[in-house]
Amino acid sequence: NDLLNLFEEGTFEIPELVRRKKSEPKATVRTEDGDIDTTIDNGRVRCSEFPLVVMTSTGERDFPPAFLRRCLRLQMPNPTQEALTAIVRSHFRQQLDSPIWQKTQNTIDTLIQDFHKRGNKADLATDQLLNAIYLVAREVRPDDTELERLKKLLLQRLSSEADR
């Protein structure tokens, strides 16, 4: 609702500065724009131009209709196996040439394939795949039995529904 108010009114308050407005009506704050300072009057920030706000949602909660009317909503497709491989390579780029990575490459490829087959729905997050790969691409790594146990643990669906 605070964000909706910003969209509607073009202003928002900083509570800590509002409480001090009688003793200090003007406060100087640093902005994100290259350490430029700006003055806030009476704890209220006013927009001269409306911001572009990018948000992500896993769909775990509903947003109010008044908020959604002001949004351009995009549904992101689930990553392909190739995209998952690219994500993994990006996150582990420093380890790609290491002997340990080369030794575990087949296991990593299998983890990516298994993850992709499971559907990568909203209740299965890519960071779970990255965590599993992190554990197997270490110098001290689990044996095959332990690996299966860790895969079950790390790649559990996040919702309470049974694995489909």
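Residues numbered from 1 in each chain as written. Predicted model: local features only at pLDDT ≥ 70, side-chain atom pairs only at ≥ 80, totals over all residues. Heavy atoms only, no water.

So, the overall build of the chain
For the record, the criterion: Strands here mean DSSP runs of E at least two residues long; helices mean DSSP runs of H or I at least four residues long; both are numbered from the N terminus. C-alpha atoms define the radius of gyration, and 2.2 Å times the number of residues to the power 0.38 defines the globule rule. A 1.4 Å probe rolled over the protein chains alone gives each residue an accessible area, and that area as a share of the maximum for its type sets the label: buried under 20%, exposed over 50%, partly exposed in between. It only takes one pair of heavy atoms within 4.5 Å for two residues to be counted as in contact. The Shrake-Rupley method, run with a 1.4 Å probe, gives the accessible areas here. Residue values count only the displayed protein chains as cover. Think of it this way: Lys and Arg go in the positive column, Asp and Glu in the negative one, and His and the chain ends go nowhere. Charged side chains are reduced to one point each, which is NZ for Lys, CZ for Arg, CG for Asp and CD for Glu.
Tallying secondary structure elements over the chain gives 7 helices and 4 strands in all. For 164 residues, the compact-globule formula gives about 15 Å, and the C-alpha radius of gyration of the chain, at 23 Å, lies well above that figure. When the 164 residues of the chain are sorted by exposure, 22% land in the buried category. The long-range fraction of contacts in the chain, counting pairs at least 24 apart against all pairs at least 6 apart in sequence, stands at 63%. Accessible surface computed for the chain: about 12600 Å², of which carbon and sulfur atoms make up 49%. Distance between charge centres in the chain, computed from 25 positive and 27 negative side chains, equals 3 Å.

Here we look at the side chain of T11
The condition that has to hold: Polar contact is defined as a pair of N or O atoms within 3.5 Å, subject to the rule that within protein one atom must be able to donate a hydrogen and the other to accept it, and that residues adjacent in sequence are counted only when both atoms are side-chain atoms.
Its place among the elements puts T11 in strand 1 (residues 11-13). By relative accessible area, T11 is classed as buried at 13%. At a separation of 2.8 Å, a polar atom in the side chain of T11 contacts the side chain of R44. Leave out the neighbours within four places in its chain, and T11 touches N5, L6, R44, V45 and R46.

Quick look at unusual backbone geometry
Even without glycine at this site, N42 takes up a positive phi of about 55°. Among the secondary structure elements, N42 is positioned in the loop between strand 3 (37-41) and strand 4 (44-46). Judged by relative accessible area, N42 falls into the partly exposed class, the value being 38%.

Details of a negative patch on the surface
Which entries qualify depends on this criterion: Patch membership needs two things, relative accessible area over 30% and no salt bridge, and members are linked within 9 Å if like-charged or within 5 Å if nonpolar (Val, Leu, Ile, Met, Phe, Trp, Tyr). We define a salt bridge as a contact between a side-chain nitrogen of Lys or Arg and a carboxyl oxygen of Asp or Glu at a distance within 4 Å.
A cluster of acidic side chains, namely E32, D33, D35 and D37, defines a negative patch on the protein surface. With respect to the helices and strands, D35 occurs in the loop between strand 2 (26-30) and strand 3. Its relative accessible area of 57% is what places D35 among the exposed residues.

What about the layout of surface pockets?
Applied cut-off: Any residue with an atom within 4 Å of a point lines the site, the site being either a cavity, points on a 1 Å grid over the protein atoms alone where a 1.4 Å probe fits but cannot get out, or a pocket, an open set with protein on both sides within 12 Å along at least 5 of 7 lines. Grid points are joined across faces, edges and corners, and a volume is the space filled by probe spheres set on the points. Here the term charged refers only to Asp, Glu, Lys and Arg, the term nonpolar to Ala, Val, Leu, Ile, Met, Phe, Trp, Tyr, Cys and Pro, and the term polar to all other amino acids, Gly among them.
Of the volumes computed, that of the second largest pocket is approximately 270 Å³. Lining the second largest pocket, in full, are V29, T31, E32, D33, T38, T39, I40, D41, R44, V45 and R46. Looking at the lining of the second largest pocket, the element that brings in the most residues is strand 3, giving 4 residues. Of the residues contributing to the lining of the second largest pocket, the split by class is 3 nonpolar, 3 polar and 5 charged.

Interpretation in functional terms is not warranted from these geometric data alone.
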